[in-house]
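Coordinate inspection notes
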Amino acid sequence: MKKLIVLILFLGLTVTMSFGQGNTEKIGYVDQQFIIENLPEFKKLNQEIAIKSQQYEKILKGKFEEYQTKSAAFEKLLADKSEQTILRDKAMELENLKKSYEDFESSSMTELQNYYSKKFTPIRQKVGEAVIFAGRQQGYAFVLRMDLNPDGGDIWPVVLYARDSTSNLSRDILKNLGVDSTAASTRKTGMSQMLKQK
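Bear in mind the structure is a predicted one, so any value in this text is a computation, not a measurement.

In this section: a nonpolar patch on the surface. Nonpolar side chains collect at one region of the surface, where I27, F142 and L144 lie side by side and expose about 280 Å² of accessible area between them. Structurally, I27 is set in strand β1 (residues 27–30). For I27, a relative accessible area of 46% translates into the label partly exposed.

A few words now on the nonpolar core. Membership of the largest hydrophobic core comes to 22 residues, with the highest contact counts inside it found for I35, L39, I123, V127, I173 and L177. Elements supplying a minimum of two residues to this core: α2 (32–37), α3 (40–79), α4 (84–137) and α5 (170–176). Broken down by element, this core gets its largest block of residues, seven residues, from α4.

On to the environment of P40. Considering the arrangement of structural elements, one finds P40 in helix α3. By relative accessible area, P40 is classed as partly exposed at 48%. Spatially, the C-alpha atoms of P40 and V179 are 7.9 Å apart, while their sequence positions differ by 139 residues.

One can describe the packing of α3 onto α4 by two numbers: an axis separation of 10 Å at closest approach and a directional angle of 175 degrees. Between α3 and α4, the angle is such that the two are roughly antiparallel. The residue makeup of the contact of α3 with α4, split by class, is 23 nonpolar, five polar and 13 charged.

Here we take up the confidence of the model for the protein chain. When pLDDT is low, close inspection of the predicted coordinates is not appropriate. Looking at the protein chain, the pLDDT average stands at 77 and 70% of residues meet or exceed 70. Segment residues 3–21 is flagged for pLDDT under 50; beyond a separation of four residues in sequence, or across chains, it makes zero contacts in the model. Predicted confidence for residues 188–198 stays below pLDDT 50, and this span has 16 contacts to residues more than four positions away or in other chains.

Right, let's get into the pattern of salt bridges. All told, the structure shown has seven salt bridges when counted by the stated rule. Two residues, K126 and E41, come together in a salt bridge whose shortest N-O distance is 2.6 Å. Remark: E41 occurs in helix α3 and K126 occurs in helix α4; sequence separation between them is 85 residues. Assessed through its relative accessible area of 30%, K126 is described here as partly exposed.

All right, on to the packing of aromatic side chains then. Centre-to-centre distance and the angle between the planes together describe a pair of aromatic rings. Applying the stated criterion across every chain, the model contains four aromatic pairs. Between F42 and F120 the ring centres are 5.9 Å apart and the planes differ by 65 degrees, which places this aromatic pair in the edge-to-face class. Of this pair, F42 sits in helix α3 while F120 sits in helix α4, and the two are 78 residues apart along the sequence. Take F42 and F120: they sit in the same class, and that class is buried. Where Y116 meets F120, the ring centres are 5.4 Å apart and the plane angle is 10 degrees; that geometry is what we call stacked. Remark: F120 and Y116 occur in helix α4; sequence separation between them is four residues, near one turn of the helix. Its relative accessible area of 24% is what places Y116 among the partly exposed residues.

Definitions and cut-offs
Residues numbered from 1 in each chain as written. Predicted model: local features only at pLDDT ≥ 70, side-chain atom pairs only at ≥ 80, totals over all residues. Heavy atoms only, no water. Patch = residues over 30% accessible without salt bridge, like charges linked within 9 Å, V, L, I, M, F, W, Y side chains within 5 Å. Areas by Shrake-Rupley, 256 points an atom, 1.4 Å probe, with all protein chains shown as cover. Salt bridge = Lys/Arg side-chain N within 4 Å of Asp/Glu carboxyl O. Helix = DSSP H or I, 4+ residues; strand = E, 2+ residues; numbered from the N terminus. Buried < 20%, exposed > 50% of the residue type's maximum accessible area, 1.4 Å probe, protein only. Core = buried A, V, L, I, M, F, W, Y, C linked by side-chain atoms within 4.5 Å. Axes fitted to C-alpha atoms, helices over the stretch in contact; angles between N-to-C directions. Parallel < 35°, antiparallel > 145°, perpendicular 65-115°, else oblique. Nonpolar A, V, L, I, M, F, W, Y, C, P; charged D, E, K, R; others polar. pLDDT = per-residue confidence, 0-100. Contact = heavy atoms within 4.5 Å. Phe/Tyr/Trp six-rings, centres within 6.5 Å; stacked < 30°, edge-to-face > 60°.

As C-alpha cells, this is what we get:
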C-alpha cells in the first residue's frame, strides 16, 4: 500500500512539473509614449496646439502692452496732479485692463487643455486597441508599459529589466497603425535602457 501511495505521489509530482515546464508565458513590453509621439495625428495635434498658443500669446502681448501704455499715462496724470475724477476713471480703466488680461490668460489656458484632452483621448484609445491587437496576434500573455503617464496623476508600471529587445512591440504597433517605424524617432526609455548603456 505504501508503494502505491508513493507511486501516485511521484506520478502526480511528475505531471505537475512537466505541466509547469511546458506552460511558459510570453511577456512583451511597449513604450506607449514612443508610439504616440510618432503617430501623424499626435504630431498634427501638437502643431494645432502650438498655433493656438501663438495666437493667444499675441493677444496677451497686445493686452499687456496696452496696459503698460495706459499705466504710464496714469503715472503722468498722477505726477501732473490731475483731477480726482479723471484719476478714478483712469484707475478703473487700468483695473479693467488687468482683469481682462488675467481672464483671457486663464480662459485661453483652459481652452487649450480642453482641446488637447478632447483630441488626445481617441489617439490614446487607438494605441490601446493596437496594443491589445498586437499582443493577441503575437501570442503574448502580458504586455507591460515602459513609460510614465504623460497626463500626470497615477504612475504607470515601469519595466525595470528586459532580457532582450525582441519583446518590444512598439515598432510592430506603429506598423499596424500604418506608420513607417523605420522613420520613427528613437529615444532612450526606462531603467532597462539606462542599465544597458552602463
